[in-house]
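Observations on the model geometry
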Amino acid sequence: METLKNGFHYPVTVILTSDEQFGYAREPIIQRMPDGSIVCLTLTGGPTEPHKTNVVGVVRSEDDGKSWSRHTTLFQHSERACWAPEMYVEGDVVCALVHTYNSECRYRELIVYQSFSYDSGKTWTEPKSLPSGITNYCFRKRCVLKNGNWIFPVYWQECNAAWDWVEDSLSMKWPKRAGAVISTDQGKSYSLHGYLKAEFPLWENNIVELENGDLIMLMRAERSGFLYKSISHDGGYTWSEAEKTDIPNPNSKITLIRQENKILLFHNPNSNYQGVIFDMRKPLSLWISYDEMKSWGKKIVLCDEPMFYPHAFLDNEKRMVYLASENARTHFLMKIPYAELEKEVADDDAE
């Protein structure tokens, strides 16, 4: 396969490059708007993250990702850091799950709010609390189940020691736990389920539904070198104990998503036991399962260079996967045709 610019194996366009206003840009969250445009949210602002001056940035494309607007601030809080790790579309309404946190204790005091747009992301409501008292959780990519329920993988930090913030938040004195938030009424109410823990912090989790209705949650397990997994047989209300998989992970975010009869895993299949090292977050790859995650039948390298924090949406009309990724300064958009996802049939299988 031909290697293109920045080590990519598929054509890409630049979503944004951080400038003097924003010294860096992290975690693209990308979504098609009801009017056909594409909006990408970012974590940016300040000299680093977490930092009190972190803000949510936004860019917009009106031509299917060929060009993008100027990177501007969308959500900003005067006293706390700000971040939006999820955005979803329901009919003509767009929802951004906006989080604030006290950067002095990293993400231990994280609070979630929701903001809505009724004009395809051009204007947004003031962030407000979710109903049902769901507050101190990080929400990740929404999964809509076959029964109509919404399920969000979530994680949170516990304080088991070092109450006055003197310890590293990645230590097991402030362990990250994982679970799921379910809404049976399309966002009118929510309930928390699951309490997944391991000898490593569990976070940046994703959920996918199998054909038989079971749910699989994959989790980043800090400094373990691999992803961890849990299974639910009852729609996300109860979960099996978290266990180690054989999927390498360099302490980095994944995206797990179903495309028709296939399950797609976008990630960096590279083990790292030393904490966050950006240069270890390579290659950016797509693994495809054709048998409900019993195996990975196809593995595609998307980018050879450090390129991480993938986030994707599917466009069934265009038969295309839209994938955003970043290297902490530049965000890229890659379009992968559905035809590339099909299983390669060996000659002897075709006979």
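Rules and cut-offs
- Residues numbered from 1 in each chain as written.
- Predicted model: local features only at pLDDT ≥ 70, side-chain atom pairs only at ≥ 80, totals over all residues.
- Heavy atoms only, no water.
- Pairing = 2+ DSSP bridges.
- Helix = DSSP H or I, 4+ residues; strand = E, 2+ residues; numbered from the N terminus.
- Axes fitted to C-alpha atoms, helices over the stretch in contact; angles between N-to-C directions.
- Core = buried A, V, L, I, M, F, W, Y, C linked by side-chain atoms within 4.5 Å.
- Buried < 20%, exposed > 50% of the residue type's maximum accessible area, 1.4 Å probe, protein only.
- Salt bridge = Lys/Arg side-chain N within 4 Å of Asp/Glu carboxyl O.
- 1 Å grid on protein atoms, 1.4 Å probe; cavity = no way out; pocket = protein on both sides within 12 Å on 5 of 7 lines; lining within 4 Å.
- Points joined across faces, edges and corners; volume = space filled by probe spheres on them.
- Nonpolar A, V, L, I, M, F, W, Y, C, P; charged D, E, K, R; others polar.

1. Regarding the sheet that holds strand 2 (residues 25-32)
With respect to topology, 4 strands assemble into an open sheet ordered 2-3-4-5, the strand pairing being antiparallel. The outermost strands of the open sheet, each flanked by one partner alone, are strand 2 and strand 5 (72-75). The mean angle between the axes of side-by-side strands here comes to 35 degrees, regardless of whether they run parallel or antiparallel. Pairing analysis gives 3 bridges linking strand 4 (residues 55-61) to strand 5, with the strands arranged antiparallel. When the bridges of strand 5 are listed, V58 appears paired with T72.

2. Details of the nonpolar core
Judged by nonpolar contacts, the single largest core of 21 residues is most densely connected at F266 and L302. One finds L145, L202, M217 and Y228 within the second-largest nonpolar core, a separate group that totals 17 residues.

3. A look at the pattern of salt bridges
According to the stated counting rule, one finds 20 salt bridges in the structure shown. Of the charged contacts in the structure, one is a salt bridge between K52 and E79, with a shortest N-O distance of 3.7 Å. One end of the pair, K52, is in the loop between strand 3 (38-44) and strand 4; the other, E79, is in the loop between strand 5 and strand 6 (81-90), with 27 residues separating them in the sequence. The class of K52 is partly exposed, set by a relative accessible area of 42%. On the basis of relative accessibility, which here comes to 52%, the residue E79 falls in the exposed class.

4. Here's the deal with the sheet that holds strand 21 (residues 284-289)
Note: strands within a sheet are paired through backbone hydrogen bonds, in either parallel or antiparallel orientation. One open sheet holds the 4 strands; their spatial order is 19-20-21-22, and the pairing between them is antiparallel. The open sheet has two edge strands with one neighbour each: strand 19 (255-259) and strand 22 (298-303). On average, each strand axis in the sheet is inclined to that of its neighbour by 20 degrees, with strand direction left out of account.

5. Remarks on empty space enclosed by the protein
Taken as a whole and assessed by the stated rule, the structure comprises 1 cavity of 30 Å³ or more. Empty space within the largest cavity amounts to approximately 40 Å³. Taken together, P85, E86, R140, K141, N206, K253, I254, T255 and H311 make up the full set of residues lining the largest cavity. Taken together, the residues of the lining of the largest cavity sort by class into 2 nonpolar, 3 polar and 4 charged.

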